[in-house]
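Structural features, examined
This is what each chain is made of:
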Amino acid sequence: TRTSRPQRILKAVQRKATVGDPQSVITAIDHFCRHREWAMNVGDEKGSILDSVVNEVSPVTVLELGTYCGYSTVRIARLLPPGACVITLEFNPDYAAIARQVIKWSGLEDKVQLVEGASGDWIPWMKEHFGVQAFDLVFLDHWKERYLPDTKLLEECGLIQKGTVLLADNVICPGTPDYLEYVRNSPHYNSQYYRSHLEYTKAEDGLEKSVFLGY
Ligand SMILES: O=C(NCCc1nnc(-c2ccc3[nH]cnc3c2)[nH]1)c1cc(-c2ccc(F)cc2)cc(O)c1O
Ligand SMILES: [Mg+2]
């Protein structure tokens, strides 16, 4: 049978990127997705906004919801200082298998914990299993209808504390209307929209950055 799109993305990384060089992995994926086959990575334009938020927050613990092929995992992990790490949650085992190899190729495996499973099942176990107090940064990029329930679950589990930054991809396309309404109207969040484009296209999309203000 034909290879999958994630498998073709991994092959592009293995052909074009240098082992241990995260930037070359990012460049190889963006080139493949712009010139060969579109794929749902956050991409270079929104990726630069993600980079600036990671640099501004300088997080010690990051949670990423939705790994896919590991493109944004590599973008985040390459900016983390020693001792900081990103826990990334992937529901689809085929995506997870590819992401592990992409992360390994970039040489960042020591800064990444890839967990396979559903966000709703794993979030309640984060403190106990990973010894996490609270997350400094949460990057939401998984199923769009899970953004709001998982944000509420993170709050209930005490994994979001004063100063925690939520950064959500795709708030326009495919769109997360209930999540946007929640973070923009809640007195507990200070929310800001970064207008951009859907990865590798001219369609509008953007990232929503929401800082938790405490209770
Ligand atoms: O669906 C997306 N991303 C989600 C993948 C995923 N990868 N992992 C998960 C997961 C992970 C733990 C989970 N726990 C429970 N559900 C889970 C789902 N979900 C997505 C879709 C588009 C898109 C735009 C325009 C189109 F015409 C078609 C598509 C663009 C994007 O940037 C996306 O991020
Ligand atoms: Mg996305």
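We now turn to the structure provided with this report. (Residues numbered from 1 in each chain as written. Chains lettered and ligands numbered in written order. Predicted model: local features only at pLDDT ≥ 70, side-chain atom pairs only at ≥ 80, totals over all residues. Heavy atoms only, no water.)

1. Considerations on the packing of aromatic side chains
- Scanning all chains against the criterion turns up seven aromatic pairs.
- For the ring pair Y68 and Y95, a centre distance of 4.8 Å and an interplane angle of 85 degrees mean the geometry is edge-to-face. Taken as a pair, Y68 in the loop between β1 (61-65) and α4 (71-77) and Y95 in helix α5 (residues 93-106) lie far apart in primary sequence, 27 residues in all.
- Residue classification places Y68 among the buried residues on the basis of a relative accessible area of 9%.
- You can call Y95 partly exposed: its relative accessible area is 23%.
- Judged by centre distance (5.7 Å) and plane angle (90 degrees), the ring pair of Y147 and Y179 falls under edge-to-face. Pair noted here: Y147 is in helix α8 (residues 147-156) and Y179 is in helix α10 (residues 177-185), with a separation of 32 residues, a long-range link. Assigned by exposure class, Y147 and Y179 land together as buried.
- By way of ring pairs, the aromatic residues Y182, Y189, F212 and Y215 are connected into one cluster. (Phe/Tyr/Trp six-rings, centres within 6.5 Å; stacked < 30°, edge-to-face > 60°. Helix = DSSP H or I, 4+ residues; strand = E, 2+ residues; numbered from the N terminus. Buried < 20%, exposed > 50% of the residue type's maximum accessible area, 1.4 Å probe, protein only.)

2. Section: the site of ligand 1
- Close to ligand 1 lie 18 residues; E90, S119, D141, N170 and E199 are nearest.
- Between ligand 1 and S119 there is a distance of 2.8 Å, counted from a nitrogen atom to a backbone nitrogen or oxygen.
- Protein contacts shield 81% of the accessible area of ligand 1, which totals 700 Å² for the unbound molecule.
- Looking at the shell around ligand 1, the elements with two or more residues in it are β2 (85-90) and α9 (171-175). (Near = heavy atom within 4 Å. Polar contact = N/O pair within 3.5 Å; in protein donor to acceptor, adjacent residues only side chain to side chain. Areas by Shrake-Rupley, 256 points an atom, 1.4 Å probe, with all protein chains shown as cover.)

3. Focus on the sheet that holds β2
- One open sheet holds the seven strands; their spatial order is β3-β2-β1-β4-β5-β7-β6, and the pairing between them is mixed. Whereas interior strands pair on both sides, the edge strands pair on one side only; in this sheet they are β3 (112-116) and β6 (189-197). Here the average twist between neighbouring strands, direction ignored, is 15 degrees.
- By the bridge criterion, four bridges tie β1 to strand β4 (residues 137-140) in an arrangement that is parallel. (Pairing = 2+ DSSP bridges. Axes fitted to C-alpha atoms, helices over the stretch in contact; angles between N-to-C directions.)

4. Observations concerning the pairing of strand β7 (residues 204-212)
- Where burial is concerned, most of β7 is hidden: seven out of the nine residues are buried.
- Looking at chain direction, strand β5 (residues 165-168) and β7 are connected through four bridges and run antiparallel. By the bridge assignment, A168 is partnered in β7 with E208.
- Taken together, the nine bridges between β6 and β7 define a ladder with antiparallel strand orientation.

5. Section: the packing of helix α1 (residues 5-16) against α5
- Between α1 and α5, the shortest axis-to-axis distance is 10 Å and the interhelical angle comes to 10 degrees. Accordingly, the angle class assigned to the pair α1 and α5 is roughly parallel. Mapping the contact onto sequence places P6, Q7, L10, V13 and Q14 in α1 and Y95, I98, Q101, V102 and W105 in α5.
- A breakdown of the residues in the contact of α1 with α5 according to their chemical character gives seven nonpolar, three polar and no charged. (Parallel < 35°, antiparallel > 145°, perpendicular 65-115°, else oblique. Contact = heavy atoms within 4.5 Å. Nonpolar A, V, L, I, M, F, W, Y, C, P; charged D, E, K, R; others polar.)

6. Notes on the coordination of the magnesium ion (ligand 2)
- Looking at the metal site, the magnesium ion (ligand 2) is ligated by D141 (OD), D169 (OD) and N170 (OD1), spaced 2.0 to 2.2 Å from it.
- Within one chain, the residues serving as donors to the magnesium ion (ligand 2) are arranged as D-x27-D-N. Of this pair, D141 sits in the loop between β4 and α8 while N170 sits in the loop between β5 and α9; the two residues are 29 residues apart in sequence, bridging distant segments of the chain.
- Take N170: its relative accessible area is 4%, and that puts it in the buried class. (Donors = N, O, S within 2.8 Å, 3.2 Å for Na, K, Ca; no water.)

7. Some points on the nonpolar core
- By size, the foremost hydrophobic cluster in this structure holds 42 residues, and its most contacted members are I9, I29 and I76.
- Counting only elements with at least two residues in this core, the list comes to α1, α2 (22-35), α3 (43-57), α4, α5, β3, β4 and β5.
- Ranked by the residues each element gives to this core, the list is headed by α2, at six residues.
- By size, the runner-up hydrophobic cluster in this structure holds 25 residues, among which are L89, V132, Y147 and I160. (Core = buried A, V, L, I, M, F, W, Y, C linked by side-chain atoms within 4.5 Å.)

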